[in-house]
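Secondary and tertiary structure notes
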Amino acid sequence: MDKIAKGKTSGSRIMNLRKDKRYSREQLAELSGISPSFLYEIEIGKKGFSANTLMSLCSALEVSSDYILYGKMKHDYNFEIAQIVGKFDPARLKKVEKLLEITYELIHGL
């Protein structure tokens, strides 16, 4: 991912990320909920993809949509926080929300 992304397509960035993570095309396709042949067509630039497919690929590759679409590395804290919060049992989410509020208040001296 440290490579300069200028001049590359979204598909080639997806392919490079897949290879960096040592995923086969079949593995990434399964993680993303698409077919290996569709993933291949995305990687070679033959086909585009929907926002839902983009988000599935981002989740599987643990990267922001900005990187896949534009080649820009932007740290996506919202994505990371959502991933962590998603691990909690729904019955405990109110407690997690309260902890985040307390943390915010402590950091900002409120």
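The notes below deal with the structure included here.

Rules used in this analysis
- Residues numbered from 1 in each chain as written.
- Predicted model: local features only at pLDDT ≥ 70, side-chain atom pairs only at ≥ 80, totals over all residues.
- Heavy atoms only, no water.
- Salt bridge = Lys/Arg side-chain N within 4 Å of Asp/Glu carboxyl O.
- Helix = DSSP H or I, 4+ residues; strand = E, 2+ residues; numbered from the N terminus.
- Buried < 20%, exposed > 50% of the residue type's maximum accessible area, 1.4 Å probe, protein only.
- Axes fitted to C-alpha atoms, helices over the stretch in contact; angles between N-to-C directions.
- Parallel < 35°, antiparallel > 145°, perpendicular 65-115°, else oblique.
- Left-handed = near helix turned anticlockwise from the far one by under 90°.
- Contact = heavy atoms within 4.5 Å.
- Core = buried A, V, L, I, M, F, W, Y, C linked by side-chain atoms within 4.5 Å.

**Observations concerning the pattern of salt bridges**
Tallying each qualifying case throughout the model produces 5 salt bridges. Lys21 is the salt-bridge partner of Glu62, the closest N and O atoms lying 3.1 Å from each other. Here Lys21 lies in the loop between helix H1 (10-20) and helix H2 (25-32) and Glu62 lies in the loop between helix H4 (51-61) and helix H5 (65-70), a separation of 41 residues in the sequence. The exposure class of Glu62 is exposed, given its relative accessible area of 59%. Three or more residues are tied together by salt bridges with common partners; here these are Arg18, Arg25 and Glu43.

**Looking at the packing of H2 against H4**
Relative to each other, H2 and H4 sit at 120°, their axes nearing to 8 Å. With respect to their mutual orientation, H2 and H4 come out oblique. Where H2 crosses over H4, the handedness of that crossing is right-handed. Within the contact between the two elements, H2 uses Leu28, Leu31 and Ser32 and H4 uses Ser56, Leu57, Ala60 and Leu61.

**With respect to the nonpolar core**
One finds Ile14, Leu28, Leu39, Leu57, Leu61 and Ile68 to be the most contacted residues of the largest nonpolar core, which totals 15 residues. At the level of elements, H1, H2, helix H3 (36-43), H4 and H5 are the ones that each hand at least two residues to this core. Considering every element that reaches this core, the biggest residue donor is H4, with 5 residues. When sequence neighbours within four positions are dropped, the list of residues in contact with Ile68 reads Ser10, Arg13, Ile14, Leu17, Phe49, Leu54, Leu57, Cys58, Leu61 and Val63.

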